[in-house]
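Structural features, examined
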2 protein chains.
Amino acid sequence: MDKVRVCVDAVGGDEPAEVVLAGIEAALEADADLEVLVAGPEEVIAEFCATHERAEALVAPEIITMEDDPITAVMTRRKSSIVLGCRAVKKGQAGGFFSAGSTGAVTAAGTAYVTPFKAALEDRRTAIRPCLTNALPNRAGGLTVLCDMGANPDVEPLDVVRFAQMGAAYASCVLGIDHPRVGLLSNGTEEHKGSAFTHACFPLMSQLVPGFAGNCEGTDLTSGNFDVVVCDGFAGNIALKSIEGAAKLMMEELKRGLTSSLAGKVSAVLMKPMLRQLKRKLSGDAKGGAVLLGLRGVVMIGHGATSVEAVKNGTLACAQCVREGLVDRVADAMGLDA
Amino acid sequence: MDKVRVCVDAVGGDEPAEVVLAGIEAALEADADLEVLVAGPEEVIAEFCATHERAEALVAPEIITMEDDPITAVMTRRKSSIVLGCRAVKKGQAGGFFSAGSTGAVTAAGTAYVTPFKAALEDRRTAIRPCLTNALPNRAGGLTVLCDMGANPDVEPLDVVRFAQMGAAYASCVLGIDHPRVGLLSNGTEEHKGSAFTHACFPLMSQLVPGFAGNCEGTDLTSGNFDVVVCDGFAGNIALKSIEGAAKLMMEELKRGLTSSLAGKVSAVLMKPMLRQLKRKLSGDAKGGAVLLGLRGVVMIGHGATSVEAVKNGTLACAQCVREGLVDRVADAMGLDA
């Protein structure tokens, strides 16, 4: 494979740094052409980098936590792993950045330091809004791309068009789908369904998004009838977290049912490996993490409740996005200069 | 129990009328103080009403289907079961109306014929927007009320306040929750999270909704941390259908897992009754159907993919809402004259 170098945040997420470091180690073992720039406080990363050939230290004495106000934290803690990781991408020291830290802080730092592309809007050129994108497992056995998952609660119709163009580029680049079917998330599939906002988006989508297949609804995030589902970040976040909550409820009901009778207890023992697999599949980390599309570099965000496996997958997925040229392909899809 | 009389749509839903009639029969058997006004074409309902003492015919020769444009259908088919059922409530011939027919058509007919309350808005009195409300099972073993589930894709902040007041009245009246905790659906629980719209709602909610407990997120529809979750009908519909889709995906994955190995097959046999119960619980019919709050009469809508059990539960739930005085209690909660 092509040599690639990504930066990984050693202190992002709710787990201790050892978990992240073990994940980086697993990724380095899995991919012999991968180099990792490990960002974090010296006492956390120095030994790891000294003992791993393809790991290099990016010393970042400050830490941004999940509790910090994202924008204030990014503005004041310039020596945090999140800020320095994004700056490493901007300076070309790394092809991409992966963090399981605060979504808000990584989005803010990515926007400030990796910087978004600009595109023509009427007679001005304005910055594209970075769009948080991930893939969910669907009932057809594939994956469905959801964008925006929460970076932009308030947007204009043209922003949604751009999310759709970027989401389609992600589907083809990362998931290998040739002609992605794009749906506009609404409260019904018929064209007349929707809010005033989706009604304003619909004709623009028809005109500017190849593969636009009309309105879709919440069930279509998992139906497999659409490859890309596009919406503002408010609706996307609600959809995603509603699914997360439903999955938790079902797993708990199932466990309760499984331990409430002898038949259930026998089943539980038999089914344990299957249940574990199901949970993993539905954790939202099917493709290693969420990508901020629209930036001039790969920035990927993992789930805060992370694990060795999740950090490994996120690091490898970040490397894949760099190798596949995701950033250039997104720019191409939107007719921009990369 | 108090004698109560509700109207049931015999031709609503995707199933044949025999299913609905069997559901009405089961409801009549379960509740000796219930009378049912059965709305439908004469050839469908005459024999049933002749042979069931507490069933009376409301002959409605026209039918509104799921495929019809709701508003056009309600305006042109004045002799449909949906229109005549709503008119029966308005005229006091029935305390409430239950239909498993088109949500859009029942909402339109309920608004036109049962009519919403009016409330003061600035210096005018305007009609309240009817709000589609239901209860979902949560992880704490209780139910969480979601309103609006889809009747109003575009609303003003004051509409959301009214939805919250009505949803809280439903929670206390139907679910027996004394001081319901009300959450505003947003993309995060912190006060600064949300869209421009939820930011406009937040201070009004704080001021006008007793029990307002701040922002909540998609996971809180099933977390059990809130008794009532309030939002516009666009977000509510997306949340509800995202949950429905996730539940379908998980049931299918589970079935696939259960039949792919010998251990799984053994488990499947042992677990069948439990899985069936889980599916029922998550079908969204925990309280028999969705209620249109804000109307001057009880109007309840069941899932289109109905069953004998669902029609029975919907009919009994409709009767319960009438007996509990839901309409007056909603008006009280909003400081209106009933």
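Rules used throughout
- Residues numbered from 1 in each chain as written.
- Chains lettered and ligands numbered in written order.
- Predicted model: local features only at pLDDT ≥ 70, side-chain atom pairs only at ≥ 80, totals over all residues.
- Heavy atoms only, no water.
- Helix = DSSP H or I, 4+ residues; strand = E, 2+ residues; numbered from the N terminus.
- Rg over C-alpha atoms; globule rule 2.2 N^0.38 Å.
- Buried < 20%, exposed > 50% of the residue type's maximum accessible area, 1.4 Å probe, protein only.
- Contact = heavy atoms within 4.5 Å.
- Areas by Shrake-Rupley, 256 points an atom, 1.4 Å probe, with all protein chains shown as cover.
- Lys, Arg positive; Asp, Glu negative; His and termini not counted.
- Charge placed at Lys NZ, Arg CZ, Asp CG, Glu CD.
- Least-squares fit on C-alpha atoms with pLDDT ≥ 70 in both.
- Disulfide = S-S within 2.5 Å.
- Buried area = accessible area lost by both parts, 1.4 Å probe.
- Salt bridge = Lys/Arg side-chain N within 4 Å of Asp/Glu carboxyl O.
- Polar contact = N/O pair within 3.5 Å; in protein donor to acceptor, adjacent residues only side chain to side chain.
- Nonpolar A, V, L, I, M, F, W, Y, C, P; charged D, E, K, R; others polar.
- Core = buried A, V, L, I, M, F, W, Y, C linked by side-chain atoms within 4.5 Å.
- Domains from an automatic or database assignment.
- Pairing = 2+ DSSP bridges.
- Right-handed = clockwise from strand over helix to strand, strands pointing away.
- Axes fitted to C-alpha atoms, helices over the stretch in contact; angles between N-to-C directions.
- Patch = residues over 30% accessible without salt bridge, like charges linked within 9 Å, V, L, I, M, F, W, Y side chains within 5 Å.
- Expected span 1.5 Å × (residues − 1).
- Phe/Tyr/Trp six-rings, centres within 6.5 Å; stacked < 30°, edge-to-face > 60°.

Concerning the overall build of chain A
Regarding its fold elements, chain A presents 12 helices and 13 strands. Computed over C-alpha atoms, the radius of gyration of chain A comes to 20 Å, within 12% of the 20 Å expected from 2.2 N^0.38 for 338 residues, which places it in the range of a compact globule. Taken along its principal axes, the extent of the C-alpha atoms in chain A is 70 × 60 × 40 Å. The buried share of chain A, taken over its 338 residues, is 58%. Counting contacts in chain A only where the partners sit at least 6 residues apart, residues at least 24 apart contribute 68% of the total. Accessible surface for chain A amounts to roughly 13,500 Å². Of this, 51% is attributable to carbon and sulfur atoms. Each charge class in chain A was averaged separately, 32 positive and 41 negative side chains, and the resulting centres sit 2 Å apart.

Topic: the environment of Met271(A)
By the element assignment, Met271(A) lies in helix H10 (residues 262-281). Using a relative accessible area of 1% as the deciding quantity, one classes Met271(A) as buried. Note: C-alpha distance between Met271(A) and Leu258(A) (13 residues apart in sequence) is 9.6 Å. Look past the residues within four positions of Met271(A) in its chain and what remains in contact with it is Leu258(A), Leu254(B), Leu258(B), Ser267(B) and Met271(B).

So, the relation of the copies chain A and chain B
Note on the chain copies: they are related by a rotation about an axis and a translation along it. In screw terms, the move from chain A to chain B is a rotation of 180° and a rise of 0.0 Å along the axis, fitting with an RMSD of 0.0 Å. Within this description, the copies of the chain are treated as partners about a two-fold rotation axis. Interface overlap between copies is the fraction of interface residues in one copy that are interface residues in the other; for chain A against chain B it reaches 100%, indicating a shared surface.

Concerning the state of the cysteines
In this structure the tally under the stated criterion is zero disulfides over all chains. No disulfide involves Cys7(A); its sulfur sits 8.4 Å from the nearest other cysteine sulfur, which is in Cys86(A).

Concerning the side chain of Asn152(B)
Within the fold, Asn152(B) resides in the loop between strand S8 (143-147) and helix H6 (157-174). Apart from residues no more than four positions distant in its own chain, Asn152(B) is found in contact with Arg129(B), Pro130(B), Cys131(B), Phe163(B), Asp232(B), Gly233(B) and Phe234(B).

Describing the interface of chain A and chain B
Contact residues are listed per partner, giving 53 residues for chain A and 53 residues for chain B. Together chain A and chain B conceal approximately 4,500 Å² of surface at their shared face, both sides included; 70% is due to carbon and sulfur atoms. Inspection of the chain A/chain B interface yields four salt bridges. One can count 10 residue pairs in polar contact (both at pLDDT 80 or more) joining chain A with chain B. If one sorts the elements of the side of chain A that touches chain B by residue count, helix H9 (residues 233-259) of chain A sits on top with 22 residues. Per-class residue counts for the side of chain A that touches chain B are 25 nonpolar, 17 polar and 11 charged.

Some thoughts on the nonpolar core
Val74(A) and Val74(B) are the most contacted members of the largest nonpolar core, which has 88 residues in total. Core analysis: the next-biggest nonpolar cluster, separate from the first, contains 62 residues, Val6(A), Cys131(A), Met166(A) and Leu293(A) among them.

Regarding the domain arrangement of chain A
Residue and element names in this part refer to chain A. Entries for chain A in the domain assignment read domain 1 (1-128 + 294-324) and domain 2 (131-287). One C-alpha centre belongs to domain 1, the other to domain 2; they are set 25 Å apart. On the domain 2 side, the residues contacting the 16 residues of domain 1 number 11 residues. Buried surface at the junction of domain 1 and domain 2, both sides included, amounts to about 1,100 Å², of which 61% is carbon and sulfur. Three residues, Ile 128, His 303 and Gln 320, lead the burial of domain 1 against domain 2; their summed loss comes to 32% of the area buried on that side. Run the count over domain 1 and domain 2 and you get zero salt bridges.

Focus: the pairing of strand S10 (residues 212-216) of chain A
Residues and elements named next belong to chain A. Counting buried positions along S10 yields four of five residues, so the element is predominantly enclosed. Pairing analysis gives three bridges linking strand S9 (residues 182-185) to S10, with the strands arranged parallel. Paired with Leu 185 across the two strands is Cys 216, which belongs to S10. Between S9 and its parallel partner S10, the chain crosses via helix H7 (residues 196-208), and the hand of that crossover is right-handed.

Examining the sheet that holds S9(A)
Across a sheet, paired strands are connected by hydrogen bonds in the backbone, their directions being either parallel or antiparallel. Residue and element names in this part refer to chain A. Spatially, the 11 strands line up as an open sheet ordered S3-S2-S1-S4-S13-S12-S7-S8-S11-S9-S10, and their pairing is mixed. The sheet terminates laterally at strand S3 (55-59) and S10, the two strands that pair on one side only. Looking at each pair of strands side by side, their axes are set apart by 25° on average, direction ignored.

Thoughts on the sheet that holds strand S2 (residues 34-40) of chain B
Residues and elements named next belong to chain B. The mixed open sheet is built from 11 strands, whose spatial order is S3-S2-S1-S4-S13-S12-S7-S8-S11-S9-S10. This sheet does not close on itself; its edge strands, each paired only once, are strand S3 (55-59) and strand S10 (212-216). Looking at each pair of strands side by side, their axes are set apart by 25° on average, direction ignored. The pairing of strand S4 (residues 96-99) with strand S13 (residues 298-301) spans four bridges and is classified as parallel.

Topic: a nonpolar patch on the surface
On the surface, a nonpolar cluster with roughly 540 Å² of combined accessible area is contributed by Leu262(A), Val266(A), Leu270(A), Leu262(B), Val266(B) and Leu270(B). Residue assignment for the nonpolar patch shows that the elements contributing at least two residues are H10 of chain A together with helix H10 (262-281) of chain B. With respect to the secondary-structure elements, Leu270(A) resides in helix H10.

Here we look at the side chain of Thr219(A)
Checked against the element boundaries, Thr219(A) lands in the loop between S10 and helix H8 (220-223). Using a relative accessible area of 12% as the deciding quantity, one classes Thr219(A) as buried. Setting aside its immediate chain neighbours within four residues, Thr219(A) contacts Lys241(B), Ser242(B), Glu244(B) and Gly245(B).

Details of helix H1 (residues 17-30) of chain B
Residues and elements named next belong to chain B. Taking 1.5 Å of rise per residue, 14 residues should cover 20 Å, and H1 covers 20 Å from first to last C-alpha, within 8% of that figure. Along H1, the positions that sit buried rather than exposed are Ala 17, Val 19, Val 20, Leu 21, Gly 23, Ile 24, Ala 27 and Leu 28. Summarising the contacts, the buried residues of H1 are in contact with strand S1 (4-9), S2, helix H2 (42-51), S3 and helix H11 (308-323).

Describing the pattern of salt bridges
Pairing between side chains of opposite charge can happen when their charged atoms approach one another. Counting across every chain of the model gives 21 salt bridges over all chains. For the salt bridge of Arg139(A) with Glu252(B), the shortest nitrogen-to-oxygen distance reads 2.9 Å. On the criterion of chain membership, the pair formed by Arg139(A) in the loop between strand S7 (131-137) and strand S8 (143-147) and Glu252(B) in helix H9 (residues 233-259) is interchain, its members lying in two chains. Residue classification places Glu252(B) among the partly exposed positions, given a relative accessible area of 29%.

Quick notes on the packing of aromatic side chains
By convention here, two paired aromatic rings are described through the distance between centres and the angle between planes. Residues and elements named next belong to chain A. All chains considered together, the criterion is met by two aromatic pairs over all chains. Residues Phe 202 and Phe 212 carry aromatic rings whose centres are separated by 5.1 Å and whose planes lie at 75° to one another, so their mutual orientation is edge-to-face. Of the two residues, Phe 202 is situated in helix H7 and Phe 212 in strand S10; the sequence distance between them amounts to 10 residues. Given a relative accessible area of 11%, Phe 202 falls into the buried group. For Phe 212, a relative accessible area of 17% gives the class buried.

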